[in-house]
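# Summary of structural features
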Amino acid sequence: MNKGEALSIVKNQLTEHRYQHTIGVMETAVVLARQYKVDEKKAEMAAIFHDYAKFRPKDEMRQIILEQQMPQELLRFDTELWHAPVGAFLVEKEVGIKDLDILNAIKYHTSGRENMTTLEKVIYLADYIEPGRKFPGVVEVRELAKHDLNGAVIESVKNTIQFLLNRNHTVYPDTLFTYNGLIQEYKNGRNSINEG
Ligand code: DGI
Ligand code: FE
Ligand code: FE
């Protein structure tokens, strides 16, 4: 599938605002992929489809989580987390994308996870720093992303956890595993192993 086909499929699933966000994530992801030496085409596809399920009805997403091999604990956490794993499932089923690297980058784009691949980090970070984002601290993370992929992911997950704590929201375990895993890598001085 080429970029134009992919974009027209996803446009039908999203609001105009979310589509513009998707374009921002796509452009950012391609730059990061080149910089950190992962497949640019995979990064482009994963970015285009990362929010594919964002506007699916909650009942449909709940049903998919119940019926498919997904962590059932998702159901006890914020519904905002659901579109990522459900999106990976629907992108395979409805769009026919079979590449596991792409599907995992979609699946983990909201929470991250322990031992993320470089492609997963690229999508996670592109989603956080695309030009339309205005989060407090995003300017610093954009700067860090230019030379330190792991450092930038750590800062973005820290900001997300802080945001959740400030609102008395629950923190999904994978979000904490993202932080813990990368901080341990950093402390062991292995922060540059995967980043070429
Ligand atoms: O889909 P986007 O808006 O582009 O961004 P996203 O996929 O990162 O989703 C952001 C939302 O997910 C935001 O409302 C915060 C929420 N979120 C992210 N991590 C966690 C979380 N919510 C809970 N409860 N726990 C988390 O660990
Ligand atoms: Fe998302
Ligand atoms: Fe997004």
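Cut-off values and rules
- Residues numbered from 1 in each chain as written.
- Chains lettered and ligands numbered in written order.
- Predicted model: local features only at pLDDT ≥ 70, side-chain atom pairs only at ≥ 80, totals over all residues.
- Heavy atoms only, no water.
- 1 Å grid on protein atoms, 1.4 Å probe; cavity = no way out; pocket = protein on both sides within 12 Å on 5 of 7 lines; lining within 4 Å.
- Points joined across faces, edges and corners; volume = space filled by probe spheres on them.
- Helix = DSSP H or I, 4+ residues; strand = E, 2+ residues; numbered from the N terminus.
- Nonpolar A, V, L, I, M, F, W, Y, C, P; charged D, E, K, R; others polar.
- Core = buried A, V, L, I, M, F, W, Y, C linked by side-chain atoms within 4.5 Å.
- Buried < 20%, exposed > 50% of the residue type's maximum accessible area, 1.4 Å probe, protein only.
- Contact = heavy atoms within 4.5 Å.
- Near = heavy atom within 4 Å.
- Polar contact = N/O pair within 3.5 Å; in protein donor to acceptor, adjacent residues only side chain to side chain.
- Areas by Shrake-Rupley, 256 points an atom, 1.4 Å probe, with all protein chains shown as cover.
- Sits in = over half its atoms within 2 Å of the grid points.

### Section: the layout of surface pockets
Estimates place the volume of the largest pocket at around 930 Å³. Lining the largest pocket are 33 residues, and of these Thr 110, Arg 133, Phe 135, Thr 160 and Phe 163 lie nearest its centre. Taken together, the elements giving at least two residues each to the lining of the largest pocket come down to helix H2 (16-35), helix H7 (118-129) and helix H9 (149-166). Ranked by residues supplied to the lining of the largest pocket, first place goes to H9 with six residues. Taken together, the residues of the lining of the largest pocket break down into 10 nonpolar, 14 polar and nine charged.

### Quick notes on the nonpolar core
Counting residues in hydrophobic clusters, the biggest one holds 62 residues, and the most contacted among them are Leu 32, Phe 49, Val 86, Val 91, Ile 97, Leu 125 and Ile 129. Discounting residues that sit within four places of it in the chain, Val 91 has contacts with Phe 49, Tyr 52, Gly 96, Ile 97, Leu 103 and Ile 106.

### Some points on empty space enclosed by the protein
Here the structure, examined in full by the defined rule, presents one cavity of 30 Å³ or more. Of the pockets and cavities examined, the largest cavity occupies roughly 40 Å³. At five residues, helix H10 (residues 173-187) tops the list of elements feeding residues into the lining of the largest cavity. Looking at side-chain class alone, the lining of the largest cavity contains three nonpolar, three polar and four charged residues.

### As for the site of ligand 1
Near ligand 1, the surroundings consist of 18 residues, among which Arg 18, Lys 54, Thr 110, Arg 133 and Thr 175 are the closest. Separating an oxygen atom of ligand 1 from a side-chain N or O atom of His 21 is a distance of 3.0 Å. With respect to ligand 1, the side chain of Lys 54 contributes an N or O atom lying 2.7 Å from an oxygen atom. Burial of ligand 1 by the protein chains amounts to 85% of its free accessible area of 580 Å². Counting atoms within 2 Å of the grid points, the majority share of ligand 1 lands in the largest pocket. Class assignment of the residues belonging to the shell around ligand 1 gives a composition of four nonpolar, seven polar and seven charged.

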